[in-house]
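The primary structure of each chain is shown beneath.
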Amino acid sequence: MSLLLKHTVRSCLALALAAVAFTAGAQDYPSHPITMVMPYAPGGPGDVVTRVIAGAMQKTLGQTIVVDNTAGASGTIGSAKVARSKADGYTLLMIHVSHATSLAMFKNLPYHPVDDFEPIGSATTGPMLILSRNEFPAKDLNEFVTYLKANPSKVSLAHAGVGSASHLCGLMLMSTLKVKLNEIPYKGTGPALNDLMGGQVDILCDQTSGTVPAVKGGKIKAYAAAGRARLPSLPEVPAISEAGVEGFDINISFGLYAPKGTPKPVLDQLSAALQKAVADPDVRKRLEGMGISAVSADRARPEALRAHLKNEVDTLGGLLIKAGVQAN
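Residues numbered from 1 in each chain as written. Predicted model: local features only at pLDDT ≥ 70, side-chain atom pairs only at ≥ 80, totals over all residues. Heavy atoms only, no water.

A separate point is helix H2 (residues 45-61). Compared with an ideal rise of 1.5 Å per residue, which puts 17 residues at 24 Å, H2 spans 24 Å between its outermost C-alpha atoms and is within 8% of the ideal. Those residues of H2 not exposed but buried are Pro45, Gly46, Asp47, Val49, Thr50, Val52, Ile53, Ala54, Ala56, Met57 and Leu61. After H2 finishes, the residue Gly62 shows a positive phi value of roughly 75°. (Helix = DSSP H or I, 4+ residues; strand = E, 2+ residues; numbered from the N terminus. Expected span 1.5 Å × (residues − 1). Buried < 20%, exposed > 50% of the residue type's maximum accessible area, 1.4 Å probe, protein only.)

Time to look at the nonpolar core. Residues Met57, Leu148, Ile203, Phe248 and Leu274 are the most contacted members of the largest nonpolar core, which totals 85 residues. When sequence neighbours within four positions are dropped, the list of residues in contact with Leu148 reads Phe136, Val155, Leu173, Leu177, Val179, Leu181 and Ile203. (Core = buried A, V, L, I, M, F, W, Y, C linked by side-chain atoms within 4.5 Å. Contact = heavy atoms within 4.5 Å.)

Detailed reading of the predicted coordinates is not advisable wherever pLDDT falls low. Overall, the prediction assigns the protein a mean pLDDT of 89, with 92% of residues at 70 or greater. Overall, residues 3-7 carries pLDDT values under 50, and its contacts beyond four positions in sequence, including any with other chains, amount to 1 contact. Here residues 14-24 is modelled with pLDDT under 50, and outside its nearest four sequence neighbours on either side it reaches 2 contacts, counting other chains as well. (pLDDT = per-residue confidence, 0-100.)

The next subject is the side chain of Arg133. With respect to the secondary-structure elements, Arg133 resides in the loop between strand S4 (117-132) and helix H5 (141-150). Classification of Arg133 by relative accessible area gives buried; the value is 17%. At 2.7 Å, the side chain of Arg133 and the side chain of Asp202 are in polar contact. Setting aside residues up to four positions removed in sequence, Arg133 forms contacts with Leu196, Gly199, Val201, Asp202 and Lys221. (Polar contact = N/O pair within 3.5 Å; in protein donor to acceptor, adjacent residues only side chain to side chain.)

The next subject is the packing of aromatic side chains. If you walk through the whole model with that rule in mind, you get 7 aromatic pairs. Ring geometry for Tyr29 versus Tyr90: centroids 5.0 Å apart, planes at 65°, classification edge-to-face. Taken together, the residues Tyr29 in the loop between helix H1 (3-28) and strand S1 (34-38) and Tyr90 in the loop between helix H3 (76-83) and strand S3 (91-95) connect sequence positions 61 residues apart. Like Tyr90, Tyr29 is buried. Aromatic pair Phe136 and Phe144: ring centres 5.9 Å apart, planes at 55°, arrangement tilted. Here the aromatic cluster, defined as three or more aromatic residues joined through ring pairs, consists of Phe136, Phe144, Tyr147 and Tyr223. (Phe/Tyr/Trp six-rings, centres within 6.5 Å; stacked < 30°, edge-to-face > 60°.)

What follows is about the state of the cysteines. Formally, a disulfide is one covalent bond, and it connects the sulfur atom of one cysteine to the sulfur atom of another. For the coordinates displayed, the defined rule picks out 1 disulfide. Each sulfur of the disulfide joining Cys169 and Cys205 lies 1.8 Å from the other. Taken together, the positions of Cys169 in helix H6 (residues 165-177) and Cys205 in strand S7 (residues 203-207) put the pair 36 residues apart, joining distant regions of the chain. Residues Cys169 and Cys205 agree in their burial class; the two are buried. (Disulfide = S-S within 2.5 Å.)

Here the focus is the packing of H2 against helix H10 (residues 281-288). Put simply, H2 and H10 touch, their axes get as near as 10 Å, and they point 175° apart. By the criterion of interaxial angle, the relationship of H2 to H10 is roughly antiparallel. Only Val283, Arg286 and Leu287 of H10 make contact with H2, whose side of the interface consists of Val52, Ile53 and Ala56. Residue classes in the contact of H2 with H10 are distributed as 5 nonpolar, no polar and 1 charged. (Axes fitted to C-alpha atoms, helices over the stretch in contact; angles between N-to-C directions. Parallel < 35°, antiparallel > 145°, perpendicular 65-115°, else oblique. Nonpolar A, V, L, I, M, F, W, Y, C, P; charged D, E, K, R; others polar.)

In this model, Tyr29 is joined to Pro30 through a cis peptide bond whose omega is -10°. Mapped onto the elements, Pro30 comes out in the loop between H1 and S1. Positive phi, normally seen in glycine, also occurs at Ala73, with a value near 55°. Residue placement: Ala73 occurs in the loop between strand S2 (65-69) and H3. In this model, Lys178 sits at a positive phi of 60°, which is unusual for a non-glycine residue. Along the chain, the position of Lys178 falls in the loop between H6 and strand S6 (182-185).

We now examine the pattern of salt bridges. What the rule picks out here adds up to 10 salt bridges. Among the salt bridges present, the one from Lys264 reaches Asp268, with a minimum N-O distance of 3.0 Å. Here Asp268 and Lys264 lie together in helix H9 (residues 264-279), a separation of 4 residues that amounts to about one turn. For Lys264, a relative accessible area of 56% gives the class exposed. (Salt bridge = Lys/Arg side-chain N within 4 Å of Asp/Glu carboxyl O.)

So, on to the pairing of S4. Within S4, 15 of the 16 residues are buried, leaving the element largely enclosed by the surrounding structure. For S4 and strand S9 (residues 251-259), the ladder comprises 9 bridges, and the chain directions are antiparallel. Pairing of Pro127 across the sheet is with Asn251, part of S9. Looking at chain direction, S4 and strand S10 (residues 293-294) are connected through 2 bridges and run antiparallel. (Pairing = 2+ DSSP bridges.)

Attention now moves to the pairing of S2. Bridging between S1 and S2 involves 5 bridges; their strand directions are parallel. Residue Val37 lies in a different strand from S2, and its bridge partner there is Asp68. Once you follow S1 into H2 and on to S2, the crossover reads as right-handed. (Right-handed = clockwise from strand over helix to strand, strands pointing away.)

Spelled out as structure tokens, the structure:
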């Protein structure tokens, strides 16, 4: 047998053995705990969503899902961690719109949000709330809008970091009202919300998942829900359109991703577990209590999240580029 033929046979045999091992590994999945990276600080809306969804998915998968809060740099530190992980389904990423906007925000991003991940499916969707510390002088929504327009230099606007959902929400609010407020960035909504409750900052525009309980508990004030509809969980809070403010409408969705190259059988199992989680009545009830909604099962699929991500890269990423906003 020639050396070339021997080499070819060995190569084919190695590939065959690798394929067998690859398939066997996928069939045994999951055989040990899974890590779900949440790239924002503990206590924020993303953390709440991740723990609710992870808790439901682990019942279906039969393995513990450990939530890992790897925060910083608008979610890119945690995202990079997942992108570098082994593509075996044991390290996942739960993230929202910042996954799409990171392309516009960072010049030297160490991963590509589309090319370096496998979408599993969307998990939740929810509107945004405009909030303030309890001592903020405006008594209602109309007074709030009037105060911001008359005193923009006096108002501090907290957000969860450049490119975060709350940052986008704040940018849209300022753009809509044609004001420039004093932006105070934090490493996640949790710390920003804590300072809002403590009175260190004036206002915050963020997701309902982490803020509705604080509003109901009387720790902060809610002036409006973004868009044209009131929230079922806070029916007394008006929609911002009721104050004549049009065009300010933003919803935030969380999606689940795996590293690029994760076997399709593993992705199928994860997507099936996610679909079951978003359809679980207890999950839906818990999320609705926080003012957000679990998506329909058809949105908890890879192809649906892939299309959603592309749309956000084009629209919201384009918005940031137009505004000239970049991370420091």
